[in-house]
Amino acid sequence: MRVRIDLGYDGTQFRGWAAQPALRTVEGTLSAALTTILRAKQPVRLTVAGRTDAGVHARGQVVHADVDPDGWAALPGRSDRTPEVAALTRLSGILPPDIAVHRVAVAAPGFNARFSATSRRYRYRIADASSTRDPLRRHETVLLKQQLDVDAMEEASRMLLGLNDFAAFCQRREGATTVRTLLDYSWRRRGDGVLEATVVADAFCRSMVRALVGAAVQVGEGRRPPEWPAAVQHGRARHPALVVMPPHGLSLEEVTYPPDAGLAARAEEGRTRRVLL
């Protein structure tokens, strides 16, 4: 049976999402916890909505796991709790403090954490020369000495919206498409002066968000005109001057899905290779 898990984590001490031998990862830690509470004979395998790199955080990550129904039914033990409540309680009891599971539920028919998703929303935080530095948020905020022009960054970002080939902003993988639909890319300066980027797409390729932010930062510093990121994107090849920003300023905030009746169809659509017409 398929179970959906909603969670968040502080990525500072993790070597990214994906399990790796002898390294501390989010997937490895969560899988071990699930394997323990379900008393599974084999490690529980996870499918995630979006793989995060080392140092990247998440508030709205979603995963699914296919688990043994008997192990699931046995979770409450002698208590009158539901398996969902028992799973949440037990996971919270054994997971480290830098992972928080928000919800555990039996997945709706057709649900796939990765392919059923319609969008992923990321946030990136930068404290520039005019920002108030908050030491309590240093693990999720990148510090820059320069003063950034947020209006120029906003202008540059708007030019990238829509269905495009984002190869210029991605680490290429053999056989993988770099065509994505960028639904929102916007900047705002908070009351404390910190700049926050909101980046939303149907899906992302590796390092895409941090590269998009890096391009906007170069515009904000006055080193590039607002048209430069779009020109780089149209080139469809990694630009040697493109800067990939540090990972700790990035957080996966939300993953969205269609209503339950549309989950299976969206999963099938999500598996289709994206191309530009």
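Scroll up to find the structure.
Overview of the structure. Everything numeric here is computed off the predicted structure, so don't read it as measured data.

According to the stated counting rule, one finds one disulfide in the structure shown. The disulfide partner of Cys170 is Cys205, and the S-S distance across this bridge is 1.7 Å. A residue pair is termed long-range when its members are at least 10 positions apart, and Cys170 in the loop between β7 (162–165) and β8 (179–189) and Cys205 in the loop between β9 (195–201) and α5 (208–220) qualify at 35 residues. Cys205 carries the same exposure label as Cys170, and that label is buried.

As a further point, take the packing of aromatic side chains. Applying the stated rule across the entire model yields five aromatic pairs. Geometrically, the ring pair formed by Phe111 and Tyr257 is tilted, given 5.0 Å between the ring centres and 55° between the ring planes. Of this pair, Phe111 sits in the loop between β4 (99–106) and β5 (119–127) while Tyr257 sits in the loop between β10 (250–256) and α7 (263–270), and the two are 146 residues apart along the sequence. Considered together, Phe111 and Tyr257 belong to a single accessibility category, that of buried residues.

A word on α5. Over its 13 residues, α5 extends 18 Å from the first C-alpha to the last, a length consistent with the 18 Å expected when each residue adds 1.5 Å. Of all the 13 residues making up α5, 13 are buried; the element is thus mostly covered by neighbouring parts of the structure. At the C-terminal side of α5, Gly222 shows a positive phi close to 85°.

Moving on to the packing of helix α1 (residues 26–38) against helix α3 (residues 83–94). How two helices pack is summed up by the angle between their axes together with the distance between the axes. Packing of α1 against α3 leaves a shortest axis separation of 10 Å and a crossing angle of 125°. Classified by the angle their axes make, α1 and α3 are oblique. The two elements α1 and α3 cross, and the hand of that crossing is right-handed. Contacts from Ala33, Leu34, Thr36 and Ile37 in α1 reach Ala87, Arg90, Leu91 and Ile94 in α3. Of the residues that constitute the contact of α1 with α3, the class distribution is six nonpolar, one polar and one charged.

Glancing now at helix α6 (residues 228–235). Where α6 is concerned, the buried positions are Trp228, Pro229, Ala230, Val232 and Gln233. Taken together, the buried residues of α6 touch α4 (150–158), β7 and α5. Phi turns positive one or two residues past the end of α6, at Arg236, with a value near 55°.

Inspection of the secondary structure puts Thr25 in the loop between β1 (2–9) and α1. Using a relative accessible area of 1% as the deciding quantity, one classes Thr25 as buried. A distance of 3.0 Å separates a polar atom in the side chain of Thr25 from the backbone nitrogen of Gly28.

A few words on the environment of Arg189. If you trace the backbone, Arg189 turns up in strand β8. Arg189 gets classed as partly exposed once you look at its relative accessible area, which sits at 28%. Residues Arg189 and Val200, spaced eleven residues apart in sequence, show a C-alpha to C-alpha distance of 18 Å. Side-chain polar atoms of Arg189 contact the side chain of Asp128, separated by 3.0 Å.

A word on unusual backbone geometry. Even without being a glycine, Ser207 presents a positive backbone phi close to 70°. Its place among the elements puts Ser207 in the loop between β9 and α5. Located in the positive-phi region is Arg236, a residue other than glycine, with phi close to 55°. With respect to the helices and strands, the residue Arg236 is situated in the loop between α6 and β10.

Here is what the cut-offs are and how they apply
- Residues numbered from 1 in each chain as written.
- Predicted model: local features only at pLDDT ≥ 70, side-chain atom pairs only at ≥ 80, totals over all residues.
- Heavy atoms only, no water.
- Disulfide = S-S within 2.5 Å.
- Helix = DSSP H or I, 4+ residues; strand = E, 2+ residues; numbered from the N terminus.
- Buried < 20%, exposed > 50% of the residue type's maximum accessible area, 1.4 Å probe, protein only.
- Phe/Tyr/Trp six-rings, centres within 6.5 Å; stacked < 30°, edge-to-face > 60°.
- Expected span 1.5 Å × (residues − 1).
- Axes fitted to C-alpha atoms, helices over the stretch in contact; angles between N-to-C directions.
- Parallel < 35°, antiparallel > 145°, perpendicular 65-115°, else oblique.
- Left-handed = near helix turned anticlockwise from the far one by under 90°.
- Contact = heavy atoms within 4.5 Å.
- Nonpolar A, V, L, I, M, F, W, Y, C, P; charged D, E, K, R; others polar.
- Polar contact = N/O pair within 3.5 Å; in protein donor to acceptor, adjacent residues only side chain to side chain.

What is shown is where atoms sit, not what they do.
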